[in-house]
Amino acid sequence: MPEKKRIRKSREERINEIIAAATKIFIEEGYSELSLRRIAKDINVRLSTIQYYFESKKSLLNTMLKAKIDSYNSKLADFQSKEHKPEKQLSNYVRFLIDDNTERDTCCFFTQFWAIGFQDEGNLALLSHTYGGHTESLAQLIQNVFPERNKLDCLQRATIMSCMMEGAVAHVGYGLPIRPEFEGLSDRLHKEVMRIALQD
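Peer 1: What should I look at first to understand the overall build of the chain in this one?
Peer 2: Assigned secondary structure in the chain consists of 10 helices and 0 strands. Its C-alpha atoms put the chain at 65 × 40 × 35 Å along the principal axes. The burial tally for the chain puts 38% of its 200 residues in the buried class. Here the analysis covers contacts within the chain between residues at least 6 apart in sequence; of these, 65% occur between residues at least 24 apart. Accessible surface, the chain: about 12200 Å² in total, of which carbon and sulfur atoms supply 53%.

Written as C-alpha cells, this is what we have:
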C-alpha cells in the first residue's frame, strides 16, 4: 500500500494533532501503549517530527494533562461569565464535575492518570501539582462566597469536596452497571458537597 502523502501544518495545528492522537491512545489503550513512535504512525508523520515538539513521553504527558486542565479552567471561566452570584458559580461547577464523572473520556483519562501517578517520582509530582491546582480553584470559588474565611479553611474544604467527587467514579462512573438504589445519587452528592463548602 502506498504511503499516505504527508501534509504540512502550522506548529499549533501539529501540536494539537499530536495531543489529540496521544490522548486517544491514552484513553483507549492505556499509558503502556503510548509512545512517540506509535503517535507518529497513527498521524502519518516521521518520528523525528514528534520528537521536534516533544523530546520524551514524559513531556508529552505533561502537555496532554495541561490541555485537559485548560479545558476545565475554560469551563469554569464560562460558568463565571454567565453567572454573577458566587454561590451559584460554585454550585454550577460542582454539578459539572459530578456529571463529568459519567463521561467515558473523563473516566478513562483520569483512571489512567491515577494508575501511573505512583509509578515514579515525576508522575507523582505531576499528580500532586494537578490536584493542587484543582483544589485551589475550588477553594477560590468558596472564598468568593465567603471572603472572610481564611484561605487554609477554604482549601481544606475544597480538598474534602474533591475527594467526594473523585471517589464517586468508583460507584457511578462511566460503564458501571446502573444500580436502582443509586437513582438520584448525583443530586444527593451535589447537596452534600455543597454542604461542605457552605456550612459554618
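Peer 1: Looking at this structure, how should I read helix α10 (residues 185-198)?
Peer 2: Along an α-helix, residues three or four apart share an orientation, since each turn contains 3.6 residues. Compared with the 20 Å implied by 1.5 Å per residue over 14 residues, the 20 Å span of α10 between its first and last C-alpha is a close match. In this structure, the buried residues of α10 make contact with α5 (86-100), α7 (121-145) and α8 (151-167).

Peer 1: Whenever I open this one, the nonpolar core confuses me. Can you help?
Peer 2: It is characteristic of soluble globular proteins that their nonpolar side chains tend to be buried jointly. The biggest cluster of nonpolar side chains holds 52 residues, and the ones touching the most others in it are I39, L60, L90 and M161. Put simply, the parts of the chain that give this core at least two residues each are α1 (11-29), α2 (36-43), α4 (57-82), α5, α6 (104-117), α7, α8 and α10. Among the elements that make up this core, the one with the highest residue count is α7 (8 residues). Among residues more than four places away in sequence, those in contact with L60 are I18, I19, A22, L34, L36, I39 and F54.

Peer 1: Help me understand the packing of aromatic side chains in this model?
Peer 2: In total, this model carries 9 aromatic pairs according to the counting rule given. Judged by centre distance (6.3 Å) and plane angle (90 degrees), the ring pair of F26 and Y31 falls under edge-to-face. With a relative accessible area of 14%, Y31 lands in the buried category. Relative to F109, the ring of F26 lies with its centre 5.1 Å away and its plane at 70 degrees, an arrangement referred to as edge-to-face. Within this pair, whereas F26 is found in helix α1, its partner F109 is found in helix α6, the two being separated by 83 residues in sequence. For F26, a relative accessible area of 0% puts it in the buried group. An aromatic cluster is built from F26, Y31, Y72, F79, Y93, F96, F109 and F110, whose rings are joined through pairwise contacts. Sitting over the ring of F109, K68 keeps its end group 4.9 Å from the ring centre.

Peer 1: I would appreciate a short explanation of the pattern of salt bridges in the present structure.
Peer 2: Between side chains of opposite charge, a pair can form as their charged atoms come close. Under the definition given, this model contains 15 salt bridges. Salt-bridge contacts for R38 lead to E29; the nearest nitrogen and oxygen are separated by 2.7 Å. Among the residues examined, E29 registers a relative accessible area of 37% and is labelled partly exposed. E192 is paired through a salt bridge with R188; the nearest N and O atoms lie 3.4 Å apart. Of the two residues, E192 and R188 both sit in helix α10, 4 residues apart, roughly one turn of that helix. Its relative accessible area of 53% is what places R188 among the exposed residues. Through salt bridges that share partners, K24, E28, R104 and D105 make up one connected network.

Rules behind the numbers
- Residues numbered from 1 in each chain as written.
- Predicted model: local features only at pLDDT ≥ 70, side-chain atom pairs only at ≥ 80, totals over all residues.
- Heavy atoms only, no water.
- Helix = DSSP H or I, 4+ residues; strand = E, 2+ residues; numbered from the N terminus.
- Buried < 20%, exposed > 50% of the residue type's maximum accessible area, 1.4 Å probe, protein only.
- Contact = heavy atoms within 4.5 Å.
- Areas by Shrake-Rupley, 256 points an atom, 1.4 Å probe, with all protein chains shown as cover.
- Expected span 1.5 Å × (residues − 1).
- Core = buried A, V, L, I, M, F, W, Y, C linked by side-chain atoms within 4.5 Å.
- Phe/Tyr/Trp six-rings, centres within 6.5 Å; stacked < 30°, edge-to-face > 60°.
- Lys NZ or Arg CZ within 6 Å of the ring centre and 35° of its normal.
- Salt bridge = Lys/Arg side-chain N within 4 Å of Asp/Glu carboxyl O.

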